[in-house]
Amino acid sequence: MAEHPDREAGAEPVVEIVGRVVAVRPAGEIDIVTAPFLSRALSRALAHVDAAQADRIVTDCSRVTFCDSSGLNALLAARLRAVEAGTAIHLADPAPQLQRLLQMTGAAPLFPREDGPPGPAGSRAAGPHPPPPR
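Residues numbered from 1 in each chain as written. Predicted model: local features only at pLDDT ≥ 70, side-chain atom pairs only at ≥ 80, totals over all residues. Heavy atoms only, no water.

Draft legend 1. Seen up close, the pattern of salt bridges. In total, this model carries 6 salt bridges according to the counting rule given. The partner of Asp55 in a salt bridge is Arg20, with the nearest N and O atoms 2.9 Å apart. Of this pair, Asp55 sits in the loop between α2 (35-50) and β4 (56-60) while Arg20 sits in the loop between β1 (14-18) and β2 (21-25); the two residues are 35 residues apart in sequence, bridging distant segments of the chain. Asp55 gets classed as partly exposed once you look at its relative accessible area, which sits at 47%. Judged by its relative accessible area of 41%, Arg20 is partly exposed. Linking Arg56 and Glu114 is a salt bridge whose minimum nitrogen-to-oxygen distance equals 3.2 Å. Here the residue Arg56 occupies a position in strand β4, and Glu114 occupies one in strand β7 (residues 113-114), the gap between them amounting to 58 residues. Summarising the burial analysis for this pair, Arg56 and Glu114 share the class buried. Salt bridges here are not isolated pairs; linked through shared partners, they connect Glu12, Arg40 and Arg44. (Salt bridge = Lys/Arg side-chain N within 4 Å of Asp/Glu carboxyl O. Helix = DSSP H or I, 4+ residues; strand = E, 2+ residues; numbered from the N terminus. Buried < 20%, exposed > 50% of the residue type's maximum accessible area, 1.4 Å probe, protein only.)

Here it is, written out as structure tokens:
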């Protein structure tokens, strides 16, 4: 099916280090089929933090077109592991649908927001800011 190219390809989100930030870049729909890909990518990002290669994780949501409860659960589980590791999972550029999901479930305050996604390797990452008020 052409409407789900990431799902067909089995593509996992890209994980890259940008300065002291680990950028996780999911794309397309995050649902029961693709949420495990996001979970694995966030686990790899946490491994970089554990290895002191980065200070925080930024999930670039700019290419996410849909996120259901499976995707939210993947984010929440990774957030718990991040807190245990002394860091946080920041969200950059979440689409309105993802923002509504976070607001409706009360999860929005759990994920600090970024001004924009981290750039390619060697560029400076955008700074964090708190989630918007409810």
